[in-house]
Each structure stands twice: as structure tokens, then as C-alpha cells.
Amino acid sequence: MYAFLPLGLRILNKLINLVDNEMERIGAQKLMLPAFSSTSLWKQTDRLESNKSELFQIEDRHNKKYILNPTYEESICKLISSVGPLSPKILPLKLYQISNKWRDEMKPRLGFLRSREFVMKDLYTFDKTLDNAQETYELICNAYENILQKIGITFIKVVGDPGSIGGLKSHEYHYACHIGEDTIYTCSYCQYYVNKSVCNESHCPHCKNTFHEQQTAEVGHTFLLDTKYTKPLKAVYQTKNMFPLAMGCFGLGLSRIFTVVAEILSSNDELKWPKCLAPYTVCIIPPKVGSKEATASQYVNQILNILNELNIDTILDDRTELTIGNRFVHARFTGFPYVIVIGRTAMQSPPLFEIHNAYDSTHCEITLESVHNYFNNENKKN
């Protein structure tokens, strides 16, 4: 179990904001479900015994048993059931949350990749028919792909293992990563990808070419469930009669993404984040107090004003008792994409400021008037 410190929490919140924006675009509504579920719910769907070793279970003073939810299919169906039969007019219904989940891992390891407590975005959809649910399934998959494309790291969508959640169809989203615990089969000829755990063949079933193996880390999983949960838990809609809703569920491991993107982009000496997720986009380093360049601190507010106008989130490293070099190393280690140094060149006429781009290891010296254009050009490149 891990704590998100202030900069890490900024990264997580940027990721959450990215997800929320995409969910709003497709008409999904955000809610928050209780952390606990009654074990009786899981008994109704026959999942309690098969998952018992991975569930954290507690008992209250009245001897009622609960679990800390690793996933929320039972809880969301209980909620739908409790409000009574749904009207077909409100379907499809798309409900999601972003919250902590819990799993009693046998061997917790690799940070958030396999931890006992993790942050997940889980979405549940409800439709009238299986055909409608198929259409919604494709809509959500497209939204997940949009999210991952905005993060900017190449991902792979593969035929997945339904596992204990089950369902008629399942896909997984993976990043190629050396710390990943999955192996996927890839066919470069017909672009077919499948998790090795659900494929016993060494050749692609579509084109018969030999599969290549790739080590990956799963960061998302989608399931077309149909009535697997809605039928036993009486989550229904009503016309003249009542019918079980056709359901889909969709998970995106936000703390997993947090872990894997850092692993993929970073070196042994420096953290790196996707630019849209970095804790701050720009770090400004003013001169050390008492140094020859100390008077150049007068430019700090002018640079901050320009960056604010551009809506660029900026942090000022005001530990001016430390040298510029010391703070610069720290900025690179922390993973700020751009570092602006107000140093000796700021004493020239006209004053020049060093801008370091951590992602392509370049730097240049520009005037105050050119700061605006520099970041506008970087924006276009991104």
C-alpha cells in the first residue's frame, strides 16, 4: 500500500481530469459507491468462493460479513435494483467512478502494478438488448483508446481473458514494458493481438502466420457481460414486462498507468512523465541569493505572467539558498518537461534565459519577448 505525495497526486489528478473529460464527452455520469459490499451479494453471483483468497473480508459488531470491493459489478447492480425497474427511455445508462479498490495479493510487488490497494476507474453500462450493449461496448472502447492516445504512449488492444468477471467478450489494453507480467501474442501481418493466457496456438487463427511474443503490462480491461449479473441481482427495465438489463463493465487502472508510464519513459537518473501528466509543465529556477546573478530575479514575475497567460502550470523553485546547478538536477530528476534558468545570461543586454527541454535533451537561449512564441511552437509540435 502506497501514499501519493503532493507531486504524485498532481499527476494522478491530471490523469483523472483527462478521464473525466472523455467520460463527459460520451455521456457517462460519475458517482461514488461504498467501499464495502455484503458477502451475500457475492454469493448471489457465485463469485464469493471462487475469489475468496483475494478478498479482504471484515465482520461488524452484528456478525454481518462484508468485503472490501476489488470490483463493483454486484454493488452497481444492487443499486440499479434498489431504484426499481428502469424506463427504456433512459437507456443506455453509463455510470462510472474513480476510487480505491482492494485485493489481497499473494505477492504484492512492482509498486502499483500489483499492490493491495490501487486506484481504478470502473464504468458500468446498462442497455435493453445484447445488440444495444454491443454498440455501447464499442463506444466505450473507443473512449478508452482516446484516453490512451492523449497520454501519448503506444498501447496495444488485445483479445483478453474474462477471468472471474466473465462475460461474452473481453478486451485488454496493454503497454509494452519489461516489468509487465503479461505475455501477448502479436501478428504483424494481420494486426491480430491476443493474451497468451487465452490462446493455445502458436499461429494466428486468421492468417496462420507465426505469433511473436511480447512482454506487457495490462492497464485496462473491458467486458461484455450481458445478463450475468443483472439477472441474479434483479437489475431490470420495464416495458409491459420486466427484462434483465444487458450490461458491460470497463476498468482502467489509473495507478497502474501511473507506474507503467514512468517505467517506460524514465531513465535510472531521471523521472519522465507524459507531458500532459507531468506534475508541472515548467519549472523556473531563479538565481542563488548573494550570487553575481541575484539581481536577475527581477524577471521571475514577468516570466510567470507570460506562462499564466498561456495557461501553463508552472512551479517556481524558490530554494534560492541552493545553487542553480543543484536545483536543475532536482528538476530533471523530478520530471518537469521544461526548465527555465535565470542565470548569468540574464545579466546580458538584452537578457537571455535558458530553456531546457527534458524530452529531446535540447536547450536554447531566448529573450523575454520570445518566451510566448517558444511555448506556442512547442504546443503545436505536441
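Residues numbered from 1 in each chain as written. Predicted model: local features only at pLDDT ≥ 70, side-chain atom pairs only at ≥ 80, totals over all residues. Heavy atoms only, no water.

A. Focus on the overall build of the protein chain. A count of helices and strands for the protein chain gives nine helices and 19 strands. Expressed as lengths along the three principal axes of its C-alpha atoms, the size of the protein chain is roughly 80 × 55 × 45 Å. In the protein chain, which comprises 382 residues, the share counted as buried stands at 50%. A sequence separation of at least 24 residues applies to 69% of the contacts in the protein chain between residues at least 6 apart. (Helix = DSSP H or I, 4+ residues; strand = E, 2+ residues; numbered from the N terminus. Buried < 20%, exposed > 50% of the residue type's maximum accessible area, 1.4 Å probe, protein only. Contact = heavy atoms within 4.5 Å.)

B. Seen up close, the sheet that holds strand β16 (residues 314-316). Strand order across the open sheet formed by five strands is β16-β15-β17-β18-β19, with mixed pairing between neighbours. Bordering the open sheet on either side are β16 and β19 (362-366), each of which pairs with just one other strand. The sheet shows a mean angle of 20° between the axes of neighbouring strands, taken without regard to direction. (Pairing = 2+ DSSP bridges. Axes fitted to C-alpha atoms, helices over the stretch in contact; angles between N-to-C directions.)

C. Structural detail: the side chain of K121. Along the chain, K121 falls in strand β6 (residues 117-127). Buried within the structure, K121 lacks any salt-bridge partner; D122 is the closest side chain of opposite charge, at an N-O distance of 7.7 Å. A polar contact of 2.9 Å, which involves the side chain of K121, links it to the side chain of Y144. The residues touching K121, leaving out its near neighbours within four places in the chain, are V19, M23, Y96, Q97, I98, Y144, F250, G251, L252 and L254. (Lys, Arg positive; Asp, Glu negative; His and termini not counted. Salt bridge = Lys/Arg side-chain N within 4 Å of Asp/Glu carboxyl O. Polar contact = N/O pair within 3.5 Å; in protein donor to acceptor, adjacent residues only side chain to side chain.)

D. Expanded view of helix α8 (residues 324-334). Among the residues of α8, those classed as buried are R327, F328, A331, R332 and T334. Buried residues of α8, viewed axially, fall in a sector of 165°; they line one side. In this structure, the buried residues of α8 make contact with α1 (6-25), β15 (282-285), β17 (338-341) and β18 (353-357). G335 occupies a position one or two residues after α8 and carries a positive phi of about 100°. (Arc of directions from axis to C-beta.)

E. Just the environment of A246, in detail. Here A246 shows up in strand β14 (residues 246-253). Once you skip the residues sitting within four places of it in the chain, A246 turns out to touch T125, F126, D127, K128, T129, L130, A133 and D226.

F. Quick peek at the state of the cysteines. In the structure shown here, the tally under the stated rule is zero disulfides. A disulfide-free cysteine, C187 has its sulfur positioned 3.3 Å from the sulfur of C207, the nearest such atom. The structure places no disulfide on C249, whose sulfur is separated from the nearest cysteine sulfur, that of C77, by 9.5 Å. Using a relative accessible area of 2% as the deciding quantity, one classes C249 as buried. (Disulfide = S-S within 2.5 Å.)

G. Spatial organisation of the side chain of E172. As for its position among the elements, E172 is in strand β8 (residues 169-176). Nearest to the buried, unbridged E172 among oppositely charged side chains is R256, at 9.1 Å. Looking at E172, its side chain comes within polar contact range of the main-chain nitrogen of D161, at 2.9 Å. Once residues within four sequence positions are removed from consideration, E172 is found in contact with I156, K157, V158, G160, D161, N195, E218, G220 and H221.

H. Structural detail: the nonpolar core. Judged by nonpolar contacts, the single largest core of 45 residues is most densely connected at M23, L148, I151, Y175, L254 and I257. Going through the elements one at a time, α1, β5 (93-102), β6, α5 (130-151), β8, β11 (212-226), β14 and α6 (254-265) are the ones with two or more residues in this core. At nine residues, the largest contribution of residues to this core is made by α5. In this view, M23 contacts A28, Y96, K121, L123, A143, Y144 and I147; residues no more than four positions away in its chain are not counted. (Core = buried A, V, L, I, M, F, W, Y, C linked by side-chain atoms within 4.5 Å.)

I. Structural context of the pairing of β5. In terms of burial, β5 is largely enclosed, as nine of its 10 residues are buried. Two strands pair when backbone bridges link them, and strand β1 (residues 29-30) and β5 are joined in this way by two bridges, in the parallel orientation. Bridging across to β5, Q29 finds its partner in L95. Of the strand pairs in this sheet, β5 and β6 are connected by 10 bridges, and their pairing is antiparallel. Counterpart to L93 in the pairing with β6 is F126.

J. Focus on the sheet that holds strand β4 (residues 65-68). Taking strand neighbours across the sheet as the criterion, the three strands line up as β2-β4-β3 in an open arrangement whose pairing is antiparallel. This sheet does not close on itself; its edge strands, each paired only once, are β2 (36-38) and β3 (56-59). Between one strand and the next, the sheet's axes are offset by a mean angle of 35°, whatever the strand orientation. Across three bridges, β2 lies against β4 in antiparallel orientation.

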